[in-house]
Amino acid sequence: MTIQFSDTNAALLVKKNVQSLRNVFGTSDITSVELHKMDWRDLNKASADTRRACRKLLDEITNNTPDERVKDIERTSEVLLELIDAIAEEQDTRTEIGSRAPRAVGGDPRRPIGPNATVRGEDGGHYRNIPDVRTIGLKPEERMSEWVEDREGRSEYADLPIGDYLRSMVCGAKTDLEKRALSEGTDSAGGYTVPTALASQMIDLLRSQSVCSRAGAPTIPLTTKENLIAKVASDPTPAWRSEEGSITVSDPTFTSVSLQPKSLACIVKVSRELMEDSLNLPVMLPQILATSMAKEWDRVALLGSGTAPEPEGVANVSGIGTNALSAGLTSYAPLVTARTAVKNANADPTAYIMSVRDEGTFAGLTATDNQPLNAPRQVSEIPWLTTTAIPTDGGAGSDESTIFCGDFRHLYMGVRTELTIMISKELYMETGQYAFLAWFRGDIAVAHPGAFHTTTAITG
């Protein structure tokens, strides 16, 4: 639902006098803005930018300003003030609900809060609050750096690129900000405990490279050594009853899953000359580190053995659906079977994840007329994602792979915000290289096993 302004010409006034707000809200028609769909950070920015625009507009008024222009400015300012109030009301609504996330349902944010509240609408009818569907953790499009900032406040290091920080570890600090960041993070072992604001940048890079995250897996910031989440073991079964008859008791069965941070580490070698002379290394180095760690993060999320210290991935979780193909891919039937199994578990697949080889096989399928074989609509509408983290050299013939189908919103990827990086000048001294040793801690948990299905033993 959009904002109701008192001035019927609100859109025209803002379009005429405050063009800068087009970039803030993505439209020149201020009456079409849906505040309930905006991120919390964007709401804050929109409020600040609207206030700034209002002050700038009012500053135009002087003793020499024509009366008609003064009235035009005053009317526009009233619209902007109503917009600021609407933003504040949307934020108050979310605070009362207990979630800063965008709301699935709009409407007057001043309506009563609660599942049983009703209010009379403008047309004389009634509507009831529809509760938002909530998920824990950060959605793929949400950023760890923003979560940290909301929790701890804005850090002085928030605008320091993580690549510049890594370069300064080897070449020395170029700015006072880099010097303070290095001083804060130095540990007794010669490593650097990266300031949280910078570590969150690295984690966001890792998440952007993670295929599981892109498939919908939420990121759970782990704030303690053990974090419990509820896991649905079975759904309740409703039953009809006769008048005055007893009600059949059918409770859902819940168990708990523990997220206990485990260490993931990698080493990246860089030559001294490249470190000192390269113009783009501060950009490339964090990308290389993030890509390397994201690949292993995806592997354990999908295929992790669960044997310490490795987390247990989807393929080894008890209760998921599975089908051993024991053949090559000749049709889309395995994808249809997997989708059906997931939907039978009352889940909606958010992605197929497969090896690059298997995606290429599907792309090469042809019909009897040698034209490309199109996938059924129910299958083609589900995103297909690929990763080199899924091996293609398994099984008896050393050529087998696995395809994953699932509602990845039930795959929780827990991470600590701490990130440690050490520099070794001795490890590869004979080749004139530095070694960056980076590690962070995290864990994997599946909250609803039935929401996942694997097609195994796919031969090349």
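In this text, all values refer to a predicted model and were calculated from it rather than measured experimentally.

**Student:** Summarise the packing of helix α3 (residues 40-58) against helix α4 (residues 67-97); cite the residues concerned and give the values.
**Tutor:** Across the interface, α3 lies against α4 with an axial gap of 10 Å and an inter-helix angle of 160°. Regarding the angle of α3 to α4, the classification is roughly antiparallel. Between α3 and α4 the crossing geometry is left-handed. Within the contact of α3 with α4, the residues separate by chemical class into 13 nonpolar, 7 polar and 4 charged.

**Student:** Tell me about the side chain of Arg 103, residues and numbers included.
**Tutor:** Structurally, Arg 103 is set in the loop between α4 and β1 (118-120). Residue Arg 103 is classed as buried on the basis of its relative accessible area of 5%. Only 2.7 Å separates the side chain of Arg 103 from the side chain of Glu 90, close enough to count as a polar contact.

**Student:** I'd love a proper account of the nonpolar core, names of residues and values included.
**Tutor:** Core analysis: the biggest nonpolar cluster contains 76 residues, and Tyr 165, Ile 353 and Leu 411 have the highest contact counts within it. Excluding residues that lie within four positions of it along the chain, Ile 353 makes contacts with Val 211, Cys 212, Ala 215, Leu 302, Leu 385, Thr 387, Ile 390, Thr 402, Ile 403, Phe 404 and Phe 408. Within the second largest apolar cluster, 23 residues are counted, among which are Ala 10, Val 18, Phe 25 and Ala 53.

**Student:** For the packing of aromatic side chains, give the residues involved together with the corresponding values.
**Tutor:** For the structure on display, the rule yields 6 aromatic pairs. When the centroid spacing of 5.5 Å and the interplanar angle of 75° are considered together, the rings of Trp 297 and Phe 440 count as edge-to-face. Taken as a pair, Trp 297 in helix α11 (residues 281-303) and Phe 440 in strand β13 (residues 433-446) lie far apart in primary sequence, 143 residues in all. Each member of the pair Trp 297 and Phe 440 is classed as buried. For the pair Tyr 332 and Phe 362, a centre-to-centre distance of 5.5 Å together with 10° between the ring planes defines the contact as stacked. Note that Tyr 332 is positioned in the loop between β8 (321-327) and α12 (333-344) and Phe 362 in helix α13 (residues 356-363), a separation of 30 residues in sequence.

**Student:** Can you lay out the packing of helix α1 (residues 10-17) against α4 for me, pointing to particular residues and giving the numbers?
**Tutor:** Orientation of α1 relative to α4, taken along the N-to-C sense of each, is 110°, at an axis distance of 9 Å. Viewed along their axes, α1 and α4 adopt a mutual orientation that is roughly perpendicular. The handedness of the crossing between α1 and α4 comes out as left-handed. Where α1 approaches α4, its residues Ala 10, Leu 13, Val 14, Lys 16 and Asn 17 are matched on the opposing element by Arg 69, Asp 72, Arg 75, Thr 76, Val 79 and Leu 80. Class assignment of the residues belonging to the contact of α1 with α4 gives a composition of 5 nonpolar, 2 polar and 4 charged.

**Student:** Any details on the pairing of strand β9 (residues 351-354)? Residues and values, ideally.
**Tutor:** Burial along β9 is two-sided: Ala 351 and Ile 353 facing one way and Tyr 352 and Met 354 facing the other are all buried. Pairing analysis gives 3 bridges linking β9 to strand β11 (residues 400-406), with the strands arranged antiparallel. Opposite Tyr 352, over in β11, you have Cys 405 as the bridge partner. As paired strands, β9 and strand β10 (residues 384-386) are joined by 3 bridges and run parallel to one another. Residue Met 354 lies in a different strand from β10, and its bridge partner there is Thr 386.

**Student:** Please give an account of the sheet that holds β8 that cites residues and values.
**Tutor:** The pairing of strands in a sheet happens through backbone hydrogen bonds and is either parallel or antiparallel. The mixed open sheet is built from 5 strands, whose spatial order is β8-β14-β11-β9-β10. The sheet is open, and its two edges are formed by β8 and β10, each paired on a single side. In this sheet, neighbouring strand axes are inclined to one another by 20° on average, regardless of whether the strands run parallel or antiparallel. In this structure, β11 lies alongside strand β14 (residues 452-459), joined through 6 bridges in antiparallel fashion. Note that in β14 the partner of Ser 401 across the bridge is Ile 458. Seen against the sheet, α12 touches β8, β9, β10, β11 and β14 and runs at an angle of roughly 160° to β14. Strands β9, β10, β11 and β14 of the sheet are contacted by α13, whose axis makes an angle of about 80° with β11.

About the criteria used
Residues numbered from 1 in each chain as written. Predicted model: local features only at pLDDT ≥ 70, side-chain atom pairs only at ≥ 80, totals over all residues. Heavy atoms only, no water. Axes fitted to C-alpha atoms, helices over the stretch in contact; angles between N-to-C directions. Helix = DSSP H or I, 4+ residues; strand = E, 2+ residues; numbered from the N terminus. Parallel < 35°, antiparallel > 145°, perpendicular 65-115°, else oblique. Left-handed = near helix turned anticlockwise from the far one by under 90°. Nonpolar A, V, L, I, M, F, W, Y, C, P; charged D, E, K, R; others polar. Buried < 20%, exposed > 50% of the residue type's maximum accessible area, 1.4 Å probe, protein only. Polar contact = N/O pair within 3.5 Å; in protein donor to acceptor, adjacent residues only side chain to side chain. Core = buried A, V, L, I, M, F, W, Y, C linked by side-chain atoms within 4.5 Å. Contact = heavy atoms within 4.5 Å. Phe/Tyr/Trp six-rings, centres within 6.5 Å; stacked < 30°, edge-to-face > 60°. Pairing = 2+ DSSP bridges.

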